[in-house]
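The primary structure of each chain is shown beneath.
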Amino acid sequence: NRVQASVDLYANDLLLVRTGVCGVVKGAHSDTRVDVQFDHREDGQTLGVNVLPGQIVHARNETTGSTLLGRWIGEATGWTHITVASMRNPALIWFAGAFWGWLVARRGKLL
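Residues numbered from 1 in each chain as written. Predicted model: local features only at pLDDT ≥ 70, side-chain atom pairs only at ≥ 80, totals over all residues. Heavy atoms only, no water.

Caption draft 1: Quick peek at the side chain of glutamine 4. Looking at where glutamine 4 falls in the secondary structure, it is placed in strand 1 (residues 2-5). The class of glutamine 4 is buried, set by a relative accessible area of 11%. With residues near it in sequence (within four places) discarded, glutamine 4 still touches Gly20, Val21, Cys22, Gln55, Ile56, Val57, His58, Ala59 and Arg60. (Helix = DSSP H or I, 4+ residues; strand = E, 2+ residues; numbered from the N terminus. Buried < 20%, exposed > 50% of the residue type's maximum accessible area, 1.4 Å probe, protein only. Contact = heavy atoms within 4.5 Å.)

Take a look at the structure:
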């Protein structure tokens with residue numbers, strides 16, 4: 001799954017990844033964190049970064065410029081009846097992060 005950083009990501013005072021940089025989810029890092037291989041890191045490293053689910057969003061579709069939230073939730077849950085094609089509202093994106101956290105807690109795994 002392609003994702004993008006929803007905030008600047010730091011390790012202490014060192015900027016690792018800027019908001020909007022895309023990457024690929026590699027899997028669970030722990031019960032609360034996800035490993036993401038970002039396309040570019042500000043510190044020049046090539047290692048993945050472990051992030052909280054609220055620090056990433058599904059990557060924007062380069063054609064429409066919208067987040068494909070319905071697809072993201074559908075892939076995570078296995079549901080096939082998601083009808084939300086895209087969302088641009090920040091409140092709905094926040095909800096998606098909260099839903100993701102609940103889903104991880106309930107299912108005990110990512111994707």
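Caption draft 2: How the structure looks around the sheet that holds strand 4 (residues 22-28). Read across the sheet, five strands follow the order 6-5-4-1-7 without closing on themselves; strand pairing throughout is antiparallel. The open sheet has two edge strands, strand 6 (49-51) and strand 7 (56-58), and neither has a second partner. Adjacent strand axes in the sheet meet at a mean angle of 45°, parallel and antiparallel pairs treated alike. Pairing between strand 5 (residues 34-38) and strand 6: three bridges, direction antiparallel. (Pairing = 2+ DSSP bridges. Axes fitted to C-alpha atoms, helices over the stretch in contact; angles between N-to-C directions.)

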